[in-house]
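This is what each chain is made of:
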Amino acid sequence: MSFRGINTTVIQIRRQVFTEVARMAYANVKGEQANHLMRKIPYTIIPGEEGKLRKDIFLERAIVEERVRLAMGLPTRRMDEHNSVVSGLEDASIADKYYDPPLVNVIKFACNRCPEKLVKVSDLCQGCLAHPCMEVCPKKAITWESGRSIIDQEKCIKCGRCATVCPYNAIVKTERPCAAACGMGAIHSDELGRAEIDYSKCVSCGQCLVNCPFGAIADKGQIYQLIQGFNRGDRIYALVAPAFINQFPGLASTGKLKAALKAVGFYDVVEVAIGADLCTVDEAHDFLEEVPGKLDFMATSCCPAWSMMAKTAFPDLAKNISMTMTPMVFTARMMKQKDPEARMCFIGPCAAKKLEASRRTVRSDVDFVLTFEELAGIIEGKDLDIDLLEVDENEAALCSASAAGRGFAQSGGVAKAVADKIKEWHPDMDVKIASAQGLADCKKLLMLAKAGKYNGYLLEGMGCPGGCVAGAGLDYVQLGIQTGKMAAKILTGEATCQDLPYEVIENYSLYVNSNALAQMGITLPDDLAQEAEEVGATA
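Below: a short report on this structure.

## Concerning the overall build of the protein
Point 1. Each helix and strand counted, the protein has 21 helices and 17 strands in total.
Point 2. By residue count, 49% of the 539 residues in the protein fall in the buried class.
Point 3. Accessible surface computed for the protein: about 26,600 Å², of which carbon and sulfur atoms make up 52%.

## Concerning the packing of aromatic side chains
Ring pairs (aromatic) are described by centroid distance and by the angle formed between their planes.
Point 1. Applying the stated rule across the entire model yields 3 aromatic pairs.
Point 2. Ring plane angle 80° and centroid distance 5.0 Å describe the contact between Phe-230 and Phe-266, whose orientation is recorded as edge-to-face. Separated by 36 residues along the polypeptide, Phe-230 in helix 9 (residues 223–232) and Phe-266 in the loop between helix 10 (254–264) and strand 10 (268–271) bring together distant segments of the chain. Residue Phe-230 shares its accessibility class with Phe-266, and that shared class is buried.
Point 3. Ring geometry for Tyr-237 and Tyr-267: centres 5.4 Å apart, planes at 75°, overall edge-to-face. Placement of the pair is Tyr-237 in strand 9 (residues 236–240) and Tyr-267 in the loop between helix 10 and strand 10, with a sequence separation of 30 residues.

## So, the nonpolar core
Point 1. Phe-266 and Leu-459 are the most contacted members of the largest nonpolar core, which totals 123 residues.
Point 2. When residues in this core are grouped by element, the largest group, 8 residues, is from helix 1 (residues 9–27).
Point 3. Residues Val-119, Ala-141, Ile-151 and Cys-166 belong to the second largest nonpolar core, which totals 14 residues.

## Side note on the sheet that holds strand 14 (residues 433–437)
Point 1. With parallel pairing, the 3 strands of this open sheet are ordered in space as 11-15-14. Every other strand in the sheet has two partners, leaving strand 11 (298–299) and strand 14 as the edge strands with one partner each.
Point 2. Note that strand 11 and strand 15 (residues 458–462) share 2 bridges and pair parallel. Note on strand 15: the bridge partner recorded for Met-298 is Leu-458.
Point 3. On top of the sheet, helix 18 (residues 439–450) reaches strand 14 and strand 15; it is set at about 145° to strand 14, its chief contact.

## Notes on the pairing of strand 13 (residues 368–371)
In summary, the side chains of a regular strand alternate between the two faces of the sheet.
Point 1. Burial along strand 13 is two-sided: the residues Phe-368 and Leu-370 and Val-369 and Thr-371 are all buried.
Point 2. Summarising the sheet, strand 12 (residues 343–348) and strand 13 pair through 4 bridges and their orientation is parallel. Of the residues in strand 13, the one forming a bridge with Ile-347 is Leu-370.
Point 3. Handedness of the crossover joining strand 12 and strand 13 through helix 14 (residues 352–357) is recorded here as right-handed.

Cut-offs applied
Residues numbered from 1 in each chain as written. Predicted model: local features only at pLDDT ≥ 70, side-chain atom pairs only at ≥ 80, totals over all residues. Heavy atoms only, no water. Helix = DSSP H or I, 4+ residues; strand = E, 2+ residues; numbered from the N terminus. Buried < 20%, exposed > 50% of the residue type's maximum accessible area, 1.4 Å probe, protein only. Areas by Shrake-Rupley, 256 points an atom, 1.4 Å probe, with all protein chains shown as cover. Phe/Tyr/Trp six-rings, centres within 6.5 Å; stacked < 30°, edge-to-face > 60°. Core = buried A, V, L, I, M, F, W, Y, C linked by side-chain atoms within 4.5 Å. Pairing = 2+ DSSP bridges. Contact = heavy atoms within 4.5 Å. Axes fitted to C-alpha atoms, helices over the stretch in contact; angles between N-to-C directions. Right-handed = clockwise from strand over helix to strand, strands pointing away.

Next comes the structure, spelled out in C-alpha cells:
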C-alpha cells in the first residue's frame, strides 16, 4: 500500500528543503555568508524549541541538514565522525558539478529500522475454536497460549498463509516499505537493522525514497548548481519531459509554463516529446533491421531504470536492448547542435535520469537534471506569482511534437508509438507488443523473453508503475492542491469555468472496452469504432 498523493509531513519537508536551497542559491553569496544561510535552513524548516515530529528537535534538524546536503549534491556525513553541515559547500558552489555516486542515499539516523518482513498476531485475535492459522502453517510456528495464537518468529518463514485464512484479519503481514517498493531487491538491513542499499543492484528508480514513511531516503539534486549557472549568466535551455502536461495545472497553457521557466532563469524551453518522435523513428528502423533476422526480440531503451536492470540482471540480453538514444539525449544533442555554447537542463518525473545524465557518454549533452518536484521548489524559492505571469503570444507554444511523442510518458506508450510507425511504413505488418511496469514485473517479462515466449516481439519496460506519469519526481500533492483551488474559485463565485485557463486536445485517442459495452447493451457507431483502440481485454 502506498501513501503517494497524500500531503504528508515527509512531502512537506522535502518541498521546503528544495525551496530553501533555491532561495539560498538565488541569494548568490559565497564564503561565510553562504555558510550562514546553509546553517540557517534547518532552523527555518524546523522552528521552535521542542520536537514535534520525532520528539527530539536536534534529531529533526540533523535529518534536515542531511536532506539539504543531498539536495545540493553533497554526500551524507558519517555518523561516527565530526563534520560540519557546510563541509564541501565551496566545491558545490559551481555551475559545472555533476552528480557524484551514489545518487540515492539512506540517511541512517532517520531510518526507523523497520523489520524486513514480519507476520504478527494483533489484539484482534478472538481465540476462535477453529484456529485455521495453526492448521495451515507449514512450519508449525503457531501455538495456542492464554486463549490466543502466538507466532514463534524463529520458526516463521513469513509466507503469510495464516494471515490469509484468519476470519478476523487479526494477523498482520508487513514488509519494510522501501524494500517492498524496490523491484530490484537492492535494499537489506545493515548490522544495526537500518536500511542499506546494494548499489550493485540499484538502478536509481527512486521508488524507495517516495515510499519511505520516515523520509529516510533521498536522492542528490542539482538545484544549487543550476541556479549558480543562472547567476553566472549561462544560456540554459529547459528540456521539459512529456509528463509535464498534468503536473503543473497552474501553468495550464504551454505558453504560461514557458513564461514561468524563463522567469526563474532559463533562456528558452523545449519539449522533449520532439526527441521522443526521433526516438520512435530510430527504434522502428532498429526493429525492422534486427527482428527476427538478427535478434529474437527487441526491447525499448527509453527508461534508464528498465535499461540498466535489463543489462545488469540479464547481461546475455543486453544486445536485445535498442541502442537508440533516449528522448532526453536526442533533444539535448539537437539543441547543442543549434546552440553549441548553451547548456541543457532536463526536467521530468524521473530520478533515474540523473544517473543517465552522469554517464560519460551523456554528460557532454545534458548538464543538469531536475525532477518536477525540484522545479516546483525553485518556482517557490524564486517567489514567483504564477497568476501575474505575462505570456508572449508570439512564442506561446512549445515545439510541435506529436501526440505519440507525448504518449511516451505512459506505460505502453513507447512501444505503441514504434509499432504505429512501423504500421505506417508497412501497412500489412503487425508488430506484437508486450509491456511491463514496475521493475519486478519488468524482470518477469525478461525472464519469459529469455525462455523464448516473446520471440518476434517488441518489449517495453517502465521502471515506475504506470510509467513516467507516476515517476518518483512527480508532485502529486501540488497537482491536487492546484486543482482544488481552481474548483474553489468556481464554487465561491470568484471565477467561472470560462475564466480559468484550459487547453484543447487536438490529437485525441478514443479507448473502448468492447466486453463492457456489450454487457451494457451499448453499440458504438461505425465511425467511432474504426477510430477506437481496444483496452481492458486480456491477452
